[in-house]
Amino acid sequence: MDVSQYLDIFLDESKEHLQNLNTQVLALEQDSENMDTINEIFRAAHTFKGMAGTMGYKRMQNLTHDMENVFSEVRNGNLKVNGAMIDVLFQCLDALEEYITNIQDSADEGENDNEPLISALNGLLDGKDEAPKQEKVVESKEAPTPEVKEEPADGKWNSINFNNDEQKALDNAISSGKNIYGLTVVVQDSCLLKAARAFLVFKAIEELGEIIAATPSVQDIEDEKFEFDFSLIVGSEADAGKVQAAVKSVSEIADCIIAPFQVAGETVEEAVVETTEVANVTTEPVKKAAKEESSSANKSQEKKSGSKPQVNRTVRVDIEKLDVLMNLVSELIIAKNSLVSSATAGNKESGGTFNEQIEYLESVTTNLHESVMKVRMVPIESVVNKFPRMIRDLAKKLDKPMELYMSGEETELDRTVVDEIGDPLMHLLRNSADHGLETPDVRISRGKPEVGSIYLDAYQDGNNVVIEVRDDGNGIDIEAVRNKAIERGVVTEEQAMALEEDEVIQLLFSAGFSTAKVVSDVSGRGVGLDVVKSKIEALSGEVEVKTKLGEGTTFIIRLPLTLAIIQALMVVVGDEKYAISLGSIQTIEDISPADIKTVQSKEVINLRGTVIPIIRLDEILDCKSTRDPNENMVAAIVKKGDKLAGLIVDELIGQQEIVIKSMGKYINKCKFISGATILGDGEIALILDANALI
Amino acid sequence: MAYDISTNVNDIIQFIVVNIGNEQYGIDINYIDNIVRMQSITRVPKVSPYLRGVINLRGEVIPVMSLRIKMGLEPDEVTKNTRIIIIKMNHESIGLIVDSVKEVVNINMNEVEKVSFDNREDSFVMGIGKQDAGLISLLDLVAVLQE
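Basis of the calculations
- Residues numbered from 1 in each chain as written.
- Chains lettered and ligands numbered in written order.
- Predicted model: local features only at pLDDT ≥ 70, side-chain atom pairs only at ≥ 80, totals over all residues.
- Helix = DSSP H or I, 4+ residues; strand = E, 2+ residues; numbered from the N terminus.
- Buried ≥ 20, exposed ≤ 12 C-beta atoms within 10 Å, placed from the backbone.
- Contact = placed C-beta atoms within 7 Å.
- Arc of directions from axis to C-beta.
- Pairing = 2+ DSSP bridges.
- Core = buried A, V, L, I, M, F, W, Y, C linked by C-beta atoms within 7 Å.
- Axes fitted to C-alpha atoms, helices over the stretch in contact; angles between N-to-C directions.
- Nonpolar A, V, L, I, M, F, W, Y, C, P; charged D, E, K, R; others polar.
- Parallel < 35°, antiparallel > 145°, perpendicular 65-115°, else oblique.
- Left-handed = near helix turned anticlockwise from the far one by under 90°.
- pLDDT = per-residue confidence, 0-100.

(A) Representation of the overall build of chain A. Of the regular secondary structure elements, chain A holds 25 helices and 22 strands. Burial status across chain A gives 32% buried among its 694 residues. Contacts in chain A between residues far apart in sequence, at least 24 positions, make up 70% of those at least 6 positions apart.

Next up, the structure:
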């Protein structure tokens, strides 16, 4: 069976599961008793195994299979979670990631069998007998049906716990003299429509008798939430062979194991007793576990709809967003039709209605644009949720206890931006962990808590998304940076001494700069910050640093919400048209030439108490202003961070939605032109990057 | 780039012959995306003088370069024969302004004479092709498009 067409989906989903596993194992490390977490891990490992198996990735399947075994034992309470287990699990996840990377690159999982890991996992399993013996005794006292666990796959039906309805159905079937069979159906692992096959199996069985109970539940089977086998309790008048033959007649069914079901109250009753008793003793966890089992499937479904990490250039779209789009498109068609009809109706009454139609059309297209933009938006969650794991590993490696606090993971950004933002953020976090945070003894001597804190906060601010990476570490030592810059030959000594603090900090972003005294493999090669800066600038964003020696450092990344379409103010300078992003414009002011003062030979105005430098665009853009210099001037006050500037233009045209077009690499020399746009009449207007002007 | 002549020895390549000043230049047809009439060019500030600005080519914004200025000749005089040759290389488009477009010729790369008369760095010619109509300087687009 050719599965290559499912490769994308497979990669997509396995990354999602991997991320989920990482998060959960991390949570497990914090709270090793949490049944929810354990179940979630078990479920994810199980699904992983199934997926890898379907795709024919045997090594991956083996590894996940062993992981699943370990968790199955943990879930049954036979094995205790400990530090060693967590470490092995993380190694397994890394190995899985490697498989996935290999698959992504070459559609092949690679040759690494990860034998040591598998034996480590088995070691964990073997170890179970010695360590938690105590508990096992206790448990077997409470649950006198240990054979359930030892039962091979073909006896799975014995693990079915009957609910009231099922119990009634079972009793009815027995009293009406039917044979009760336990049945395990194994679907071929190449089967793609498992649910459909299961449905056919159900149909075949129902012709001969009735299905009393199933594991997983019938609902789950229909929703394809099972791996390759499911078990049923069937009541039928027909003999076992006939039932088996009926099931096997369904195509793509690999095997069907059938045996008479021990109706004798004991097994069943005991099983029921077991669950209730255990539930009574340890109440919450088990109940939760049971609930979790049924709800986890739903949960995963929910999570999927919230567009998580993806491969290639796909975006998972919330169906609701698509519905909105669809509605808007139908409105667009209606608008078009009304336009057509008002045009054909002649001039009779057109004037008014025509304008109304145009307005209607305008509002529809604006909404349409917004919705399409939203479709391209994904939460940054997909990149940031790998960071807790990274910080954990760093904490171990650097031997500095630290904690990562994240907020605003749901903040949405354009897909292209989200793809690119991961690396810069990782650099900054590593930077904070390695250079920012002090060693524990230094922290204690400074009266700080031993455990260092790193914060990653994301939030939307107007047309921008701001991501802050903050630590409560040492802060940037301005003098050390100054000296290092001289040493590295980035600046000369005189230059360095003349630099303001802000400017010194900017030196950190120059190529080949690192203040770490020792080069570690965490950071310190000095490639970090300049890469961060160039990457973020390539996304039309900017980085800002705030630091206080001894108290910590904050890196503030500001990114545009979207790259494709913006609201802009169209202006005229000389005889050329330019667009300025509306997001950066604060106000429009009318300035009399008399108000312009000079400070340090730079022109400024005093605007309601704030001194703002002015920039004459005609000079910057090498074109001649058509305005009389003695007349009042129009200034667009633009803002970058907390800096303001007034851009003097000749004329305002108005606000307009513009589509940003790249001008290609041959002509990107001009740093304050961020692109071009095509106006309604086909003319090109250049887009001024106000950030680069300030 | 496919401009290593030695590897293309037996290839016959089609060139579009254009006039710039009094000379004929050949542009490898494989890199030509389009030929359009002169149209209004939007100036881009603070770029090299030979980059004349950008044009709107069916919704795409494409930079336009003056070959004359790049070669140190007089600035272009726009006539009804002036054309912009749209070159597409490595997924990047750029327009070259030429005085006029003459014809398409087949040139056997075997018979191309490599230019040996100068090793000047600003040489944009990779060889001279001979045709009935005279000599055609074959443009080295990589050199032309380099800054």
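(B) Inspection of the overall build of chain B at higher detail. The secondary structure content of chain B amounts to 2 helices and 10 strands. Each helix and strand of chain B, ordered N terminal to C terminal, gives the series β-β-β-β-β-α-β-β-β-β-β-α. Relative to its 147 residues, chain B shows a buried fraction of 33%. Long-range contacts, defined as pairs at least 24 residues apart, comprise 54% of the intrachain contacts of chain B with a sequence gap of at least 6.

(C) Region of interest: helix α20 (residues 478-487) of chain A. Residues and elements named next belong to chain A. Taken together, the buried positions of α20 are occupied by V481, R482, K484 and A485. Buried residues along α20 cover an arc of 170° about the axis, so they all sit on one side. Seen from the buried face of α20, the exposed residues on the opposite side, beyond 90 degrees, are E479 and E487. Immediately downstream of α20, the backbone of G489 shows phi near 75°, a positive value.

(D) Broad picture of the pairing of strand β21 (residues 673-678) of chain A. All names here are of chain A. Of all 6 residues making up β21, 5 are buried, and the element is well covered by its neighbours. The pairing of β21 with strand β22 (residues 684-688) spans 5 bridges and is antiparallel. Bridge pairing links T677 to A685 in β22. Counting the residues in the hairpin turn of β21 and β22 gives 5 residues, including G682, whose phi is positive at 90°.

(E) Seen up close, the nonpolar core. Residues I580(A), A636(A), L647(A), V54(B) and L96(B) are the most contacted members of the largest nonpolar core, which totals 71 residues. If sequence neighbours within four positions are ignored, A636(A) has contacts with L569(A), V571(A), I580(A), I585(A), I588(A), L647(A) and V649(A).

(F) Quick peek at the sheet that holds strand β8 (residues 452-461) of chain A. Residues and elements named next belong to chain A. Spatial strand order, β6-β8-β9-β11-β10: 5 strands in an open sheet with mixed pairing. Sheet topology places β6 (402-407) and β10 (542-548) at the edges, where each strand pairs with a single neighbour. Taking the axes of each pair of neighbouring strands and ignoring which way they run, one obtains an average angle of 15° across the sheet. Here helix α17 (residues 387-398) sits on the sheet in contact with β6 and β8, set at roughly 165° to β6. The strands touched by helix α18 (residues 415-436) within the sheet are β6, β8, β9 (464-471) and β11 (552-560), with β9 carrying the most contacts at an inclination of about 20°.

(G) Here's a closer look at the sheet that holds strand β2 (residues 23-28) of chain B. All names here are of chain B. Strand order in the open sheet formed by 5 strands is β8-β1-β2-β10-β9, and the pairing between neighbours is mixed. A strand with exactly one partner marks an edge of an open sheet, and here the two such strands are β8 (100-108) and β9 (125-131). Ignoring which end each strand starts from, the neighbouring axes of this sheet average 35° apart. Bridging between strand β1 (residues 12-20) and β8 involves 8 bridges; their strand directions are antiparallel. From the neighbouring strand, F15 faces β8, where its bridge partner is V105.

(H) Inspection of the interface of chain A and chain B at higher detail. Taken residue by residue, the interface counts 17 residues in chain A and 17 residues in chain B. Mapped onto the side of chain A that touches chain B, the elements with two or more residues apiece are β21 and β22 of chain A. Looking at the side of chain A that touches chain B, the element that brings in the most residues is β21(A), giving 3 residues. Taken together, the residues of the side of chain A that touches chain B sort by class into 10 nonpolar, 2 polar and 5 charged.

(I) Representation of the packing of helix α9 (residues 194-208) of chain A against helix α11 (residues 240-248) of chain A. Residues and elements named next belong to chain A. Where α9 meets α11, the axes come as close as 8 Å, and the angle between the chain directions of the two elements is 150°. Between α9 and α11, the angle is such that the two are roughly antiparallel. Of the two elements, α9 crosses α11, and the hand of that crossing is right-handed. Residue-level inspection shows V201, A204, I205 and L208 of α9 in contact with α11, the latter providing K242, V243, A246 and V247. Within the contact of α9 with α11, the residues separate by chemical class into 7 nonpolar, no polar and 1 charged.

(J) Structural detail: the confidence of the model for chain A. Residue and element names in this part refer to chain A. Here chain A averages 76 in pLDDT, while 81% of its residues score no lower than 70. Contacts from residues 129-153, a stretch scored under 50 in pLDDT, to residues over four places away or in other chains number 23 contacts. For the stretch residues 264-312, pLDDT sits under 50, and the model shows 55 contacts to residues farther than four places along the chain or on other chains.

(K) Main features of unusual backbone geometry. Positive phi, close to 50°, is recorded for Q600(A), a residue that is not glycine. As for its position among the elements, Q600(A) is in the loop between β15 (597-599) and β16 (602-607). For Q600(A), a count of 6 C-beta atoms within 10 Å gives the class exposed. A positive phi angle, near 65°, is found at H91(B), a position not held by glycine. Looking at the secondary structure, you find H91(B) in the loop between β6 (83-89) and β7 (92-98).

(L) Structural detail: the confidence of the model for chain B. Per-residue pLDDT for chain B has a mean of 84; in total, 87% of the residues score no lower than 70. What the predictor reports for the complex is a pTM of 0.47 with an ipTM of 0.85.

(M) A look at the pairing of β9(B). Residues and elements named next belong to chain B. For β9 and strand β10 (residues 134-139), the ladder comprises 6 bridges, and the chain directions are antiparallel. Within the sheet, the bridge partner assigned to I128 lies in β10 and is S137. What sits between the antiparallel neighbours β9 and β10 is a turn of 2 residues.

(N) The packing of helix α2 (residues 35-55) of chain A against helix α3 (residues 58-75) of chain A, seen in detail. Residues and elements named next belong to chain A. Between α2 and α3, the shortest axis-to-axis distance is 8 Å and the interhelical angle comes to 155°. Relative to α3, α2 is oriented roughly antiparallel. In this structure, α2 meets α3 at a crossing whose hand is left-handed. The residues of α3 that touch α2, namely those facing I38, N39, I41, F42, A45, H46, F48, K49, A52 and G53, are M60, Q61, T64, H65, M67, E68, F71, S72, V74 and R75.

(O) Expanded view of the environment of N122(A). Residues and elements named next belong to chain A. Among the structural elements, N122 can be located in helix α5 (residues 115-127). Here N122 falls in the partly exposed class, since 13 other C-beta atoms lie within 10 Å of it. C-alpha of N122 to C-alpha of N69: the two residues are 53 residues apart in sequence and 8.7 Å apart in space.

(P) Local environment of the environment of V375(A). As for its position among the elements, V375(A) is in helix α15 (residues 350-375). In the structure, V375(A) is positioned 39 residues away from D414(A) in sequence and 8.8 Å away in space, judged by C-alpha atoms.

(Q) Local environment of the environment of V144(B). Residue and element names in this part refer to chain B. Along the chain, V144 turns up in helix α2 (residues 141-145). On the basis of neighbour counts, which here come to 20 C-beta atoms within 10 Å, the residue V144 falls in the buried class. The sequence separation of V144 and V125 amounts to 19 residues, and the corresponding C-alpha distance is 8.7 Å.

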